[in-house]
Amino acid sequence: MSQTAKIILDGKEYELPVIVGTENEKAVDISQLRSQSGYITYDDGYGNTGSCKSDITFIDGEKGILRYRGVDIAEIAEKSSFLEAAYLIIWGHLPNKAERQEFDDLIQQHEMLHENMKHQFQGFPPQAAPMAVLSAMINSMSCFHSHLYDLDEPHKFLEATAKLLAKVRTIAAFSYKHSIGEPISYPAPGLSYTENFLHMMFDAPNHPYTLDPEVVRAMDLMFLLHADHEQNCSTSTVRMVGSSQANLFTSVAAGVSGLWGRLHGGANQAVLEMLEGIHKRGDSIETVIAKVKDKDSKFRLMGFGHRVYKNFDPRAKIIKKACDDVLKKLGRKDPLLDIAKELEQAALADDYFVERKLYPNVDFYSGIVMRAIGIPLNMFTVMFAIGRMPGWIANWKEVHDSPSQRIYRPRQVYVGPVQRSYEDARKQD
Ligand code: SDX
């Protein structure tokens, strides 16, 4: 017998169906509420609202669980690679040998940019924000690949997916080279996905870049840990735009914009800036914690807190270990890592954070790994975007393939002026 929910409005009782997911998450289906009662629901920031049914990623915020297509993130981080995890997220299974070979070949086939697209970098000022360049260049893929607007046929979706995954690295690396006035470094044959990214970022005619397996592994792990995360702000943006039947490239470009904000993907850069500030000023941990608790300071502990995780972010645990590993193997120490660990220790013992269930999230340590790799600070969020690309593509496809595909169009509660005349609407001198 399926469960229902009863609600009484204006003295009348309404019975609404309850949906139960495969992980026993329960939701009241309100899709008929307005037609039956005239009422809508209200949920500022969608903290309690399910926008869709999805079979891509599952998070249990209370238990700190994250799974891509049912496989636990810790197992994927240990056994897989970013590109293989991307395949799992997008197509729902790990590739067999033939599928993997075809995918690798397509990624290599599409890693270059159209030369006209390459020339677009000349139009940006060198100091242009990397996320602005990334969003613009991904959107311009809609100009070069208009034959891939309609992705109803599987081989066309495969081609568009390979183009996005392959080229997002090239765009990021070319924009970095343009920003430092160095000649671009083209993708090299025979390198893995992440090896080629690092090659394009750091190789130069007068100082060839030597690939360090530890650095490659750390970068690949960063991409992998960011690959998807349910209906976060940027992914929901991709679904929203895709629901209008806009093409994949422009939908993903919108996702890049959503990710840019410092409350979302911009947090990894904000964490490093925060840690650098603490280090430069010589702030004590006590001073920082006191500033966070002083509401007037408007100071947030960046990299802490999460809308869903209320005990710990499993990705933060894996990245924290990667910090120690990559710094040790590179024979480096980073004072910012020590500050981060002291901050975490102090915060987790402080009622302000415990009461609000604020724990380190994926961004708290990720910047330290990227700094060790040599990624420039203003490119940190671009790294997040490269990592999140599979999740954006998979969610766009889920909207595209949905049998009940409808445009996303939330309602609102109007709280503006009631009817008034044109004259009354004018501000008096
Ligand atoms: C990502 O959604 C995803 O899945 C995102 C992500 C993904 O993979 O896509 O996981 C990636 O975006 C991680 C989050 C990165 N952002 C940051 O680290 C920025 C700092 N964190 C916060 O701004 C905040 O915690 C959010 C944005 C992450 C979550 O915000 P919520 O759920 O809207 O919580 P809130 O702002 O309503 O805060 C609740 C309380 C408030 O205090 P009170 O008003 O109750 O007294 O907690 C406080 C907040 O002031 N609070 C913090 C805090 N985060 C929340 N106080 C100090 N430092 C913080 N970081």
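Structure shown above.
Report on the accompanying structure. Quantities reported herein were computed from a predicted structural model and do not represent experimental measurements. (Residues numbered from 1 in each chain as written. Predicted model: local features only at pLDDT ≥ 70, side-chain atom pairs only at ≥ 80, totals over all residues. Heavy atoms only, no water.)

A closer look at the overall build of the protein
A tally of regular secondary structure across the protein gives 18 helices and six strands. A compact globule built from 429 residues would reach a C-alpha radius of gyration of about 22 Å, and the protein, at 23 Å, matches this within 12%. Counting only C-alpha atoms, the protein reaches 80 × 65 × 60 Å along its principal axes. Expressed as a percentage of its 429 residues, the buried residues of the protein come to 47%. About 21,900 Å² of surface is accessible on the protein, with carbon and sulfur atoms providing 52% of the total. Positive and negative side-chain charges of the protein, numbering 49 and 55 respectively, have mean locations separated by a distance of 3 Å. (Helix = DSSP H or I, 4+ residues; strand = E, 2+ residues; numbered from the N terminus. Rg over C-alpha atoms; globule rule 2.2 N^0.38 Å. Buried < 20%, exposed > 50% of the residue type's maximum accessible area, 1.4 Å probe, protein only. Areas by Shrake-Rupley, 256 points an atom, 1.4 Å probe, with all protein chains shown as cover. Lys, Arg positive; Asp, Glu negative; His and termini not counted. Charge placed at Lys NZ, Arg CZ, Asp CG, Glu CD.)

Focus on the pairing of strand β2 (residues 12–20)
Here six bridges tie strand β1 (residues 4–9) to β2, and the two strands are oriented antiparallel to one another. Looking across to β2, one finds that K6 is bridged to E15. Bridge count between β2 and strand β3 (residues 26–28): three bridges; the pairing is antiparallel. Residue pairing for β3: V20 is matched across the bridge by K26. (Pairing = 2+ DSSP bridges.)

Here we look at the site of the ligand
Residues in close proximity to the ligand total 24 residues, the closest being H229, R300, H306, R315 and R388. H229 places a polar side-chain atom, nitrogen or oxygen, 2.6 Å from an oxygen atom of the ligand. One of the side-chain nitrogen or oxygen atoms of R307 is found 2.7 Å away from an oxygen atom of the ligand. Alone, the ligand offers 1,100 Å² of accessible surface; in the complex the protein occludes 76% of this. When grouped by side-chain class, the residues that make up the shell around the ligand number nine nonpolar, seven polar and eight charged. (Near = heavy atom within 4 Å. Polar contact = N/O pair within 3.5 Å; in protein donor to acceptor, adjacent residues only side chain to side chain. Nonpolar A, V, L, I, M, F, W, Y, C, P; charged D, E, K, R; others polar.)

Here's the deal with the nonpolar core
Counting 116 residues, the largest nonpolar core has I138, F197, M274, L343, I375 and M383 as its most contacted members. Not counting residues up to four positions away in its chain, the partners in contact with M274 are F299, R300, L301, M302, L343 and F364. (Core = buried A, V, L, I, M, F, W, Y, C linked by side-chain atoms within 4.5 Å. Contact = heavy atoms within 4.5 Å.)

Let's talk about helix α13 (residues 285–293)
Listing the buried residues of α13 in full gives I285, V288, I289 and V292. Down the axis of α13, the sector holding all buried residues measures 95 degrees, keeping them to one side. Those residues of α13 that are buried are in contact with α12 (267–281), α15 (335–348) and α16 (351–355). (Arc of directions from axis to C-beta.)

The analysis is restricted to geometry; functional conclusions fall outside its scope.
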